[in-house]
Amino acid sequence: MNRGIFSVIIALILAGCAVGPDYRRPAMESPSAWRIEEKAAQETANSAWWSQFNDPVLNALIDEALRSNFDLRIATARVNEYVGRYWVWRSGLFPQIWGNADAGRSRASEEGAAPLSSQVENPADFYQGVFNGNWEIDLWGKLRRATEAGRADLLATEEARRGVILSLVSAVANGYVSLRDLDMQREIAIRTAKTREDAYKLFKQRFEGGVLSELELNQVKSEYEQALATIPQIEKQVAFQENALNLLLGRNPGPIPRGRTMNELVLPVVPAGLPSDLLEKRPDIRQAEQALIAANARIGVARARYFPTLSLTGFFGWASADLSNLFSGPARVWSWSGSLTAPIFTGGAIYGQVKMAEAIQQQTLFGYQKTIQTAFQEVEDALVDQKRTREQLEAQKRQMDALREYTRFARLRYENGLTSYIEVLDAERSLFSTELSYAQTQGILFGALVNLYKAMGGGWVVEADERTVLSADGKQ
């Protein structure tokens with residue numbers, strides 16, 4: 001009889017089906033090509049692209065951030081949390097068994113309503129050792145769907161951690177480029193201030209000698225003070241940028257080491273890739289898809305509540321008043337039972353749970369589709385940004401060269417008495433402004449390429465992941 005019951009249970013398990021929809025990746029229309037096509041684009045999205053800057057200091061800063069950044073440590077700890085959650089869900093597929101042992105001594109009253117038999121030992125010892133167990137048979141796939149959802153949640157959390165790595169590396173690279181850009185602007189301001197200081201001293205001597213008017217002297221002094229005022233403004237931004245970088249590095253505020261100058265940094269090449277590649281390269285898209293898989297599986301969990309639940313419970317062990325006889329045959333105790341529970345009337349509770357799960361799945365589906373479209377937009381924006389910024393930088397370079405010539409000729413004209421010093425001041429003012437704008441545009445171009453690698457995603461995230469200190473189990 002027992003064998004027959006066991007065979008029926010096994011047959012029910014094998015025949016059990018998982019209710020609810022099986023996941024299929026939604027069809028998503030993607031652009032056939034990017035709007036901006038770069039002939040020089042290369043397959044570099046799977047390499048450590050930041051090494052193309054050819055700056056050992058930047059490489060060291062990124063390695064330090066991958067070891068010490070707190071956001072990354074938090075994301076890694078969250079992955080470990082979801083590993084534990086997954087094991088909790090998965091455990092429901094298997095029988096749950098516990099062991100229990102009791103020992104003690106007790107005495108009953110001899111003056112009770114029913115007198116004790118003289119054959120009953122009083123006080124008496126008792127010993128017991130049993131195994132308890134229960135097992136919910138997953139006939140309708142509720143536990144399998146819950147495990148499927150738990151696994152998808154775990155994978156989504158891992159993709160979220162990879163997304164933190166992607167953003168972290170990009171933020172450090174952008175922050176370092178911005179810092180070197182500010183350094184260049186500070187050098188331009190200091191150099192311009194020194195030039196104007198020399199001019200102001202010369203004009204002051206001429207004014208004291210009666211050669212120049214006070215009007216001309218104050219014009220020169222105004223331009224000198226304007227250049228001086230620019231320096232602390234830039235230095236303030238430098239300090240802010242260093243503090244922001246230190247936060248990414250897991251450090252307290254302080255100075256940041258410098259490597260190559262802005263003009264010595266090498267521009268990374270444009271990475272190549274088709275729009276359809278983003279579905280496999282971007283951690284945020286993969287995270288959104290795993291969230292969709294989890295939401296899809298939870299529809300099955302909700303629908304399974306419409307069907308009966310079959311559970312087995314039992315215990316096996318020994319109980320005796322004498323420790324020496326505890327494991328003898330007569331001391332053996334056991335019991336087993338099965339229960340079948342089916343919903344009869346729930347007032348719409350199960351219906352509501354199913355509708356809720358289906359609505360969450362729809363929300364997650366739309367979020368997944370939006371994430372893909374956002375990724376397409378970000379790549380397009382980065383491609384346009386780097387392309388048009390290159391054109392802007394080239395135009396500014398020509399403008400700067402022209403202004404340098406204009407300034408040189410203006411000085412010659414002034415020294416030969418052909419024009420007033422106002423023309424020289426106007427030329428120097430325009431050159432100073434253009435030099436600062438050129439330096440800023442250089443930083444924007446580097447940032448556009450960094451953002452392009454970030455938008456493309458790629459295998460470089462795996463390489464960066466290998467440089468992190470925290471392993472999969474969270475140990476240093």
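For the structure, check the block above.
Residues numbered from 1 in each chain as written. Predicted model: local features only at pLDDT ≥ 70, side-chain atom pairs only at ≥ 80, totals over all residues. Heavy atoms only, no water.

Chemist: Can you walk me through the overall build of the protein in this structure?
Modeler: Along the backbone of the protein there are 10 helices and 4 strands. If you list the helices and strands of the protein from N to C, you get α-α-α-β-β-α-α-α-α-β-β-α-α-α. Taking 2.2 N^0.38 as the reference for a compact globule, 476 residues should give roughly 23 Å; the C-alpha atoms of the protein span a radius of gyration of 38 Å, well beyond that estimate. Dimensions along the principal axes, computed over C-alpha positions, put the protein at roughly 135 × 55 × 40 Å. By the burial criterion, 39% of the 476 residues in the protein qualify as buried. (Helix = DSSP H or I, 4+ residues; strand = E, 2+ residues; numbered from the N terminus. Rg over C-alpha atoms; globule rule 2.2 N^0.38 Å. Buried < 20%, exposed > 50% of the residue type's maximum accessible area, 1.4 Å probe, protein only.)

Chemist: Sorry if this is basic, but what is going on with the packing of helix H7 (residues 283-303) against helix H8 (residues 349-415) here?
Modeler: Pairs of packed helices are described in terms of their axes, by the angle between the two and the distance that separates them. As a packed pair, H7 and H8 sit with axes 8 Å apart at the nearest point and diverge in direction by 165°. Here H7 lies roughly antiparallel to H8, going by the angle between them. Here the hand of the crossing between H7 and H8 comes out left-handed. Of the residues that constitute the contact of H7 with H8, the class distribution is 15 nonpolar, 5 polar and 5 charged. (Axes fitted to C-alpha atoms, helices over the stretch in contact; angles between N-to-C directions. Parallel < 35°, antiparallel > 145°, perpendicular 65-115°, else oblique. Left-handed = near helix turned anticlockwise from the far one by under 90°. Nonpolar A, V, L, I, M, F, W, Y, C, P; charged D, E, K, R; others polar.)

Chemist: In this structure, what is going on with the nonpolar core? I would like to understand it.
Modeler: In a soluble, globular protein the nonpolar side chains are often hidden away together inside. Grouped together as the largest cluster of nonpolar side chains are 42 residues, with contacts concentrated most on Trp 49, Trp 50, Phe 53, Leu 66, Val 169, Val 172 and Trp 460. Every element with two or more residues in this core is listed here: helix H2 (56-68), helix H4 (142-208), helix H5 (214-248), helix H9 (421-456) and helix H10 (460-465). A per-element tally of this core places H4 first, with 14 residues. Apart from residues lying up to four places away in sequence, Val 172 is in contact with Leu 58, Leu 61, Ile 62, Ala 65, Leu 245 and Leu 248. Among the nonpolar cores identified, the runner-up in size contains 20 residues, and Leu 279, Leu 292, Leu 365 and Val 379 belong to it. (Core = buried A, V, L, I, M, F, W, Y, C linked by side-chain atoms within 4.5 Å. Contact = heavy atoms within 4.5 Å.)

Chemist: Help me out: how do you make sense of the environment of Val 19 in this one?
Modeler: Structurally, Val 19 can be placed in the loop between helix H1 (2-15) and H2. For the pair Val 19 and Gln 52, spaced 33 residues apart in sequence, the C-alpha separation works out to 52 Å. Once residues within four sequence positions are removed from consideration, Val 19 is found in contact with Trp 140, Arg 145, Gly 300, Arg 303, Ala 304 and Phe 307.

Chemist: Can you help me understand the packing of aromatic side chains in this one?
Modeler: Working definition: an aromatic ring pair is given by the centre-to-centre distance plus the angle between the planes. Within this structure, the stated rule accounts for 11 aromatic pairs. Judged by centre distance (5.1 Å) and plane angle (20°), the rings of Trp 49 and Tyr 453 are stacked. With a gap of 404 residues between them, Trp 49 in the loop between H1 and H2 and Tyr 453 in helix H9 connect regions that are remote in the sequence. Exposure class is identical for Trp 49 and Tyr 453. Each is buried. Following the ring pairs from residue to residue traces out a cluster consisting of Trp 49, Trp 50, Phe 53, Phe 446, Tyr 453 and Trp 460. (Phe/Tyr/Trp six-rings, centres within 6.5 Å; stacked < 30°, edge-to-face > 60°.)

Chemist: What's the story with empty space enclosed by the protein in this structure? I'm lost.
Modeler: With a probe scaled to a water molecule rolled over the atoms, the places where space remains empty come into view. In total, this model carries 2 cavities of 30 Å³ or more according to the counting rule given. Empty space within the largest cavity amounts to approximately 70 Å³. Together, Glu 136, Ile 137, Asp 138, Leu 139, Trp 140, Lys 142, Ala 304, Phe 307, Pro 308, Thr 309 and Leu 310 line the largest cavity. Put simply, the parts of the chain that give the lining of the largest cavity at least two residues each are strand S2 (124-137) and strand S3 (309-320). Class assignment of the residues belonging to the lining of the largest cavity gives a composition of 7 nonpolar, 1 polar and 3 charged. (1 Å grid on protein atoms, 1.4 Å probe; cavity = no way out; pocket = protein on both sides within 12 Å on 5 of 7 lines; lining within 4 Å. Points joined across faces, edges and corners; volume = space filled by probe spheres on them.)

Chemist: Looking at this structure, how should I read the packing of H5 against H9?
Modeler: Between H5 and H9, the shortest axis-to-axis distance is 10 Å and the interhelical angle comes to 10°. As summarised for this structure, H5 and H9 are arranged roughly parallel, according to the angle between their axes. Contacts between H5 and H9 involve Gln 219, Val 220, Glu 223, Gln 226, Ala 227 and Thr 230 on the former and, on the latter, Tyr 421, Ile 422, Leu 425, Arg 429, Phe 432 and Leu 436. Considered class by class, the residues forming the contact of H5 with H9 number 7 nonpolar, 3 polar and 2 charged.

Chemist: Would you explain the pattern of salt bridges in this entry?
Modeler: Think of it this way: side chains of opposite charge can pair up when their charged atoms draw near. Evaluation of the coordinates by the stated rule reveals 35 salt bridges. One salt bridge in this structure joins Arg 25 and Glu 280, with 3.0 Å as the shortest N-O distance. With Arg 25 in the loop between H1 and H2 and Glu 280 in helix H6 (residues 278-281), the pair connects residues that are 255 residues apart, well separated along the chain. Residue classification places Arg 25 among the partly exposed residues on the basis of a relative accessible area of 40%. Taking the relative accessible area as the measure of exposure, Glu 280 reaches 47% and is therefore partly exposed. (Salt bridge = Lys/Arg side-chain N within 4 Å of Asp/Glu carboxyl O.)

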